[in-house]
Amino acid sequence: MRNNNATTVLQTKYPLVQAPMSWMTDANLVATVSEAGGLGVLGLNAGQRDVTSSPEETANRMRQQIQLVKSKTTKPFGINIVAPRSGQSLSDAIFTDALLQMAYEENVTHFVVVGEAHEELFKQIKLHDGILIFRPSTPTIEQAQLAEKLGTDLLVATGSDEGGELPEQEAGTFTIVPAIVDAVNIPVLAASGINDHRGVKAALALGAAGVYIGSRFLVTDESPMADEVKKYVIRSNFDDLVRVSAIRRSLKTPAALRYADMYRIDPQKDTETLIRQHGGMRPGMLEADFNQGVISVNIGINEINEQSSVAELVESLMTDII
Ligand SMILES: Cc1cc2nc3c(=O)[nH]c(=O)nc-3n(C[C@H](O)[C@H](O)[C@H](O)COP(=O)(O)O)c2cc1C
């Protein structure tokens, strides 16, 4: 019997998860989303302005963000966990391991895992009574069914419209959501390109139990993204995006146009590594340094026409949903 109730699993008012977006999340955004009735999720580097190469420091920084969220809301929230690569054990994935041990100490309840289904990781989270929300970075029927078998509570089906890292295949949201919904008996959240209540309704019509939204939350009062970038996204359209690497689109900043040129001339060139070496999403999105940075958002940005508070956004997304 199919379980299609996302709010029961999420323990939220609405079937809505704010997707983790690394630097572009912080305790304030996450607590506000949870207070508004969705599930806020702290991304890797949440609330930070610089990187650390220490797993202990990474876990400590996340602990501070978790404690800050708890000081602002008693509602549930989650943290992002990157699954170890296939063949890698949990203890070898030192950043993930450090984050998990800290999260158990802090009684974190919701774990948003991204990557490939990983038996040891999933078992450990379930052993700690965690609610496991799994987003395969490239959704396939095989990954979905394996994730269900390994105890996933909520599965996220991501289409190629998304902001952030793109799935390896081209399947858009309208293709991937019903395909995954039909393949499993656990509730599925639709992700990618969902920017207004029409998108939410379409996702539910495709059989999703709820939605998992990233880019749209960037353009809210509470988002830590630079104000100049919020305005840039609002005035941009889908044809203002360009492919800068095998797994990323960006608005056409001067830096993005340079990467796009390199990638067009030689698609084998690893421009993604170059982007990461230059700070990833941080310079472009957090510091509005368009000469150095890229701006990664979904391709449905025509529907992002104004900045609003998180509370207003959540209410408008969830119009007529419950
Ligand atoms: C700027 C940005 C950064 C992201 N960083 C992460 C990340 O660190 N970890 C992760 O699991 N997903 C990350 N994502 C992907 C989102 O969690 C989510 O899958 C995606 O935003 C959903 O599609 P949408 O942007 O079309 O709503 C990122 C997305 C964006 C836009």
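Rules used throughout
- Residues numbered from 1 in each chain as written.
- Predicted model: local features only at pLDDT ≥ 70, side-chain atom pairs only at ≥ 80, totals over all residues.
- Heavy atoms only, no water.
- Axes fitted to C-alpha atoms, helices over the stretch in contact; angles between N-to-C directions.
- Helix = DSSP H or I, 4+ residues; strand = E, 2+ residues; numbered from the N terminus.
- Parallel < 35°, antiparallel > 145°, perpendicular 65-115°, else oblique.
- Left-handed = near helix turned anticlockwise from the far one by under 90°.
- Contact = heavy atoms within 4.5 Å.
- Nonpolar A, V, L, I, M, F, W, Y, C, P; charged D, E, K, R; others polar.
- Buried < 20%, exposed > 50% of the residue type's maximum accessible area, 1.4 Å probe, protein only.
- Arc of directions from axis to C-beta.
- Near = heavy atom within 4 Å.
- Polar contact = N/O pair within 3.5 Å; in protein donor to acceptor, adjacent residues only side chain to side chain.
- Areas by Shrake-Rupley, 256 points an atom, 1.4 Å probe, with all protein chains shown as cover.
- Domains from an automatic or database assignment.
- Core = buried A, V, L, I, M, F, W, Y, C linked by side-chain atoms within 4.5 Å.
- Pairing = 2+ DSSP bridges.
- Phe/Tyr/Trp six-rings, centres within 6.5 Å; stacked < 30°, edge-to-face > 60°.
- Lys NZ or Arg CZ within 6 Å of the ring centre and 35° of its normal.

A. Spatial organisation of the packing of helix α6 (residues 141-149) against helix α7 (residues 173-183). Where α6 meets α7, the axes come as close as 9 Å, and the angle between the chain directions of the two elements is 40 degrees. By the angle class used here, α6 and α7 are oblique. Between α6 and α7 lies a crossing whose hand is right-handed. Residues I141, A144, Q145 and E148 of α6 form the contact with α7, whose own contacting residues are A179, I180 and A183. Each residue belonging to the contact of α6 with α7 can be placed in one class, and the counts come to 5 nonpolar, 1 polar and 1 charged.

B. Quick look at helix α14 (residues 310-317). For α14, the full list of buried residues reads V310, L313, V314 and L317. All buried residues of α14 project into a common sector of 95 degrees when viewed along the axis, lining one side. Contacts from the buried residues of α14 go to β1 (16-18), α2 (27-35), α8 (197-205), β8 (210-213) and α9 (215-218).

C. Expanded view of the site of the ligand. As a structural note, the neighbourhood of the ligand is formed by 19 residues, with P20, G193, G214, S215 and N298 the closest of them. G163 is positioned such that a nitrogen or oxygen atom in its backbone is 3.2 Å from an oxygen atom of the ligand. Note that an oxygen atom of the ligand is positioned 2.7 Å from one of the backbone N or O atoms of G193. Contact with the protein chains covers 93% of the free accessible surface of the ligand, which is 600 Å². When residues of the shell around the ligand are sorted by domain, at least three fall in each of domain 1 (6-221 + 307-317) and domain 2 (227-302).

D. Representation of the nonpolar core within the structure. Residues F217 and V233 are the most contacted members of the largest nonpolar core, which totals 91 residues. If one sorts the elements of this core by residue count, helix α4 (residues 94-105) sits on top with 6 residues. Structurally, this core is a two-domain feature, drawing no fewer than three residues from each of domain 1 (6-221 + 307-317) and domain 2 (227-302). Here F217 is in contact with L16, Q18, M21, L29, V33, S223, V310, L313, V314 and L317, once residues within four sequence places are set aside. Counting 16 residues, the second-largest nonpolar core is a separate cluster that includes L10, V41, L154 and A191.

E. Highlighting the pairing of strand β10 (residues 248-251). Side chains R248 and S250 project from β10 onto one buried face, and the interleaved R249 and L251 project onto a second face that is buried too. Sheet topology places strand β9 (residues 241-245) next to β10; 4 bridges connect them, and they run antiparallel. Bridging from a neighbouring strand, R243 pairs with R249 of β10. Between the end of β9 and the start of β10, which pair antiparallel, lie 2 residues.

F. Region of interest: the side chain of E162. Mapped onto the secondary structure, E162 falls in the loop between β6 (154-158) and α7. When residues no more than four places from it in sequence are discounted, the contact partners of E162 are R135, P167, S192, G193, R249, V297 and N298.

G. Fine view of the packing of α2 against helix α3 (residues 55-72). Axis separation between α2 and α3 bottoms out at 9 Å; the angle between their running directions is 40 degrees. Classified by the angle between their axes, α2 and α3 sit oblique to one another. Crossing hand, α2 versus α3: right-handed. Touching A27, N28, V30, A31 and E35 of α2 are Q65, L68, V69 and K72, all from α3. Of the residues belonging to the contact of α2 with α3, the class tally is 5 nonpolar, 2 polar and 2 charged.

H. Geometry of the environment of N302. With respect to the helices and strands, N302 occurs in the loop between α13 (282-286) and α14. On a C-alpha basis, the gap between N302 and G130 in space is 37 Å, while along the polypeptide they are 172 residues apart. When near neighbours in sequence (up to four residues on either side) are disregarded, N302 contacts S236, N237 and F238.

I. Examining the packing of aromatic side chains more closely. Under the defined criterion, the tally for this structure stands at 3 aromatic pairs. A centroid spacing of 5.9 Å and a plane angle of 50 degrees characterise the contact between Y104 and F111, whose relative ring orientation is tilted. Here Y104 falls in the buried class, since its relative accessible area comes to 11%. The ring of W23 has R282 sitting right over it, with the charged end atom 5.1 Å from the ring centre.

J. Up close: the sheet that holds β8. In spatial order, the strands read β1-β8-β7-β6-β5-β4-β3-β2; together these 8 strands make up an open sheet with parallel pairing. Lying at the two open borders of the sheet, with one neighbouring strand each, are β1 and β2 (40-42). In this sheet, neighbouring strand axes are inclined to one another by 25 degrees on average, regardless of whether the strands run parallel or antiparallel. The sheet contact formed by β1 and β8 spans 3 bridges and is parallel. Bridge pairing links V17 to Y212 in β8. Those strands touched by α6 are β4 (110-115), β5 (131-136) and β6, and its axis lies near 170 degrees from that of β5.

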